[in-house]
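# Tertiary structure, described
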Amino acid sequence: MASRKAKVDKQVQSILARNRTDVQQRAQGYIIAKLYFDIKEYSLAKQYVGGYLVEKPRDPRANELLGEIHEALEDMEDAVECYKKAFESGDSRYNPVVLKICETYCDIGADVQILKYWLQKCEGLYPKSCTIVRLKVMFWYFF
C-alpha cells in the first residue's frame, strides 16, 4: 500500500507542478481525488475533490465521488446529500445515482415524505430494481 501511495503522491506532484495557480490546481482536483480514492486515501481524496467543487460546485461526477468518499468514511447523511446533488444536476448519465440515494436511505432511514419522494423517482427510472423492493418493504414495515 505504501508503494502505491508513493506512486500516487509522485503523480500528484507532477500534476500540481504543471498547474501553477491555485485555480489551475483546484481544476485538477477531481483527477487527483480519484487517484487517492482508488488507493483508499479518503481524507486526501476528500480534500482535493472539495477544492475542485469550489470551482465547479454543480459538477455531478465530483459530487458523486464526494458521496462515495463520505460513504467509505461511513458518513451516510453527507453521502446521500452529495448523491442528491449529482442526481439533481439533470444529466441523465447520473440517473443511476438515484439507486445509491435509495440504498442509502434503506440503510439510514428517513422521514416518510422523503422516502416517498425518492421511491417515486427510483420507480420511474428503474421499476424492476431490487432497491425499489427493499425500499418498499422498509416503507411498508415501518410506516
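Residues numbered from 1 in each chain as written. Predicted model: local features only at pLDDT ≥ 70, side-chain atom pairs only at ≥ 80, totals over all residues. Heavy atoms only, no water.

### Overview of the pattern of salt bridges
Pairs can form between side chains of opposite charge once their charged atoms are near each other. As a reminder, the rule being used: Take a side-chain nitrogen of Lys or Arg and a carboxyl oxygen of Asp or Glu: if they are within 4 Å of each other, that pair is a salt bridge. The helix and strand labels rest on DSSP assignments: H or I over at least four residues marks a helix, E over at least two residues marks a strand, and numbering proceeds from the N terminus.
Taken as a whole and judged by the stated rule, the model has 10 salt bridges. E68 serves as the salt-bridge partner of K100, at 2.5 Å between the closest nitrogen and oxygen. Taken together, the residues K100 in helix 7 (residues 97-108) and E68 in helix 5 (residues 60-72) connect sequence positions 32 residues apart. Here R134 ties to D107 by a salt bridge, and the two come within 2.5 Å at their closest N and O atoms. Of the two residues, R134 is situated in helix 9 (residues 130-142) and D107 in helix 7; the sequence distance between them amounts to 27 residues. Through salt bridges with shared partners, one network takes in E64, E68 and K100.

### Observations regarding unusual backbone geometry
Phi at K40 takes a positive value of approximately 65°, unusual for a residue other than glycine. Even without a glycine there, the phi angle at E74 is positive, about 60°. Within the secondary structure layout, E74 lies in the loop between helix 5 and helix 6 (76-87).

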